[in-house]
Amino acid sequence: MSAHDHDNSGPIDPETGLTRRKVLECMTWAGTGILWTVSGGVPRSLGLVGSALAAEPTGMTFLQISDSHVGFDKPANPNALGTLEEAIARIKAMPAKPSFMIHTGDISHLSKATEFDDAERIISQAKLDVHYVPGEHDFLDEEIEFYKDRYGKGTRGAGYYSFDANGVHFIGLVNVVDLKAGGLGNLGAEQLEWLEQDLKGRSKSTPIVVFAHIPLWTVYPEWGWGTDDGARALEYLKGFGSVTVLNGHIHQVMQKVEGNVTFHTARSTAFPQPAPGTAPSPGPMKVADDKLRSMLGIASVNFKRGDQRLAIIDTPLQG
C-alpha cells in the first residue's frame, strides 16, 4: 500500500499519509484504541486518535478494548494493570462520552478472581456500560465460574448473547470453548443454531456488529488465528447489507473487507504480538520500553443514521 495512492475519498491523513478510505481498505498494523462511528453499519475511518478525538463525531459512538491480560507481569510488559489504567484514562478524557464499551476478551491472564477484581476496579472508572465476551485466558479455571459469575448473567451457553442499540444489532459470540487443532476458535453447533434464529426475521437493512475474541476470519491458521466454523456464522450474515466483525486475540490491528463484511481486530492494552509468520510463535513480543505504548491502545466506533459507514478510530496509548 503506497502513501502516494490517490482516490476520491477525502484528504490525506497527515499521520498516515493515506486517505481515510485507504486506511480502511488495507490491512494495517498500527493503532489499538478504536473509536467507531457507525453510519449505516459500514466502517469509516475518522483518522488516528489525535485528529479523531478532536473531531466531535456525530451519531452513536462506542468503544472497543481487548486483551487486558490483567495479572500478566512478564518482560513484554511487567505492569499490564498499569497500561490498562492508562487506556481507561484516555477514555475518561474523551470530549464526547461514548454510549458504551465492548471488551473482546482476555480480561484476565490466568482466570484468577483477583485478576477479574482488579480489571473491574479499573474498567469501571470509565463509567460506561461494558459488554464482554471471554477470551481463552478467561476460561482457565475448571468451572469457568469466575467469568460467568461476573459477566455471564442473561447470556446463553458459555456466554453468547445479542442486544440492540440505536438501530444496530450487536451479537456477542464465544469461540474460545473446545478450541480446535492449533488453537483455532470454535463456535459449535448449538451457538450457530442460536445465531441463525437470532437473525431470522430481521430486516436485511439492519446494521449488524458481531464481536468475539478470536477472529472469525482466517488470519493465520498455523498460530490458531481464525475460527474453525467461522464461515458458517458468516453464511448467516451474508444477506445483510452491513456487517462489522470485531475481534481481539492477535494483539494488533488488521482489517479487511469481503463484500458486505468488514473485519477489524484490535490491539491489546497489555502487550504486542508479532505479525503473522514473523516469529516462531505468537507469544508476547518484547519491544523497547519506549516503543511499548505505541503498540497498545483502544478503539472507538461511531454510527450515524442514514450514513453508509461505520467510522473506526484506533488509538495507541502513545504516539
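Here the structure is a predicted model, which means the values were calculated and not measured.

Reading the values: the criteria
Residues numbered from 1 in each chain as written. Predicted model: local features only at pLDDT ≥ 70, side-chain atom pairs only at ≥ 80, totals over all residues. Heavy atoms only, no water. Salt bridge = Lys/Arg side-chain N within 4 Å of Asp/Glu carboxyl O. Helix = DSSP H or I, 4+ residues; strand = E, 2+ residues; numbered from the N terminus. Expected span 1.5 Å × (residues − 1). Buried < 20%, exposed > 50% of the residue type's maximum accessible area, 1.4 Å probe, protein only. Pairing = 2+ DSSP bridges. Axes fitted to C-alpha atoms, helices over the stretch in contact; angles between N-to-C directions. Core = buried A, V, L, I, M, F, W, Y, C linked by side-chain atoms within 4.5 Å. Contact = heavy atoms within 4.5 Å.

(A) Just the pattern of salt bridges, in detail. This model, assessed by the stated rule, comprises 10 salt bridges. For D73, the salt bridge goes to K74, with nearest N and O atoms at 3.4 Å. Notably, a salt bridge pairs D164 with R202, separated by 3.8 Å at the nearest N-O pair. Taken as a pair, D164 in strand 6 (residues 161-165) and R202 in the loop between helix 6 (189-199) and strand 8 (208-211) lie far apart in primary sequence, 38 residues in all.

(B) How the structure looks around helix 3 (residues 80-92). Here helix 3 spans 19 Å end to end across 13 residues, near enough to the 18 Å set by a 1.5 Å rise per residue. Among the residues of helix 3, A80, L81, G82, T83, L84, A87, I88 and I91 are the ones counted as buried.

(C) Representation of unusual backbone geometry. Within the chain, I144 stands out as a residue other than glycine whose phi angle is a positive 40°. Although it is not a glycine, H251 adopts a positive phi angle of roughly 60°. Note on placement: H251 falls in the loop between strand 9 (243-247) and strand 10 (255-258). In this structure H251 comes out as buried when scored by relative accessible area, which is 2%.

(D) Examining the environment of G297 more closely. As for its placement among the helices and strands, G297 is situated in strand 12 (residues 297-303). With relative accessibility at 0%, the residue G297 sits in the buried group. Expressed as a C-alpha distance, the spacing of G297 and Q64, which sit 233 residues apart in the sequence, is 9.7 Å.

(E) The sheet that holds strand 11 (residues 261-265), seen in detail. Ordered in space as 6-7-8-9-11-10, the 6 strands form an open sheet in which the pairing is mixed. The outermost strands of the open sheet, each flanked by one partner alone, are strand 6 and strand 10. When the angles between neighbouring strand axes are averaged without regard to direction, this sheet yields 15°. Pairing analysis gives 4 bridges linking strand 10 to strand 11, with the strands arranged antiparallel.

(F) Geometry of the pairing of strand 6. Residues Y161, F163 and A165 of strand 6 are buried on one face, while the alternating residues S162 and D164, pointing to the opposite face, are not. For strand 6 and strand 7 (residues 168-172), the ladder comprises 5 bridges, and the chain directions are antiparallel. Residue pairing in the sheet places A165 in a bridge with V168 of strand 7. With antiparallel pairing between neighbouring strands as the criterion, strand 6 and strand 7 make up a hairpin whose turn holds 2 residues, including N166 at a positive phi of roughly 50°.

(G) Quick peek at the nonpolar core. The biggest cluster of nonpolar side chains holds 57 residues, and the ones touching the most others in it are I88, I91 and M101. The element contributing the most residues to this core is helix 3, with 5 residues. With residues near it in sequence (within four places) discarded, M101 still touches L63, I65, I88, I91, I123, A126, L128, D129, V130 and H131. Grouped together as the second largest cluster of nonpolar side chains are 14 residues, M60, F163, A165 and V168 included.

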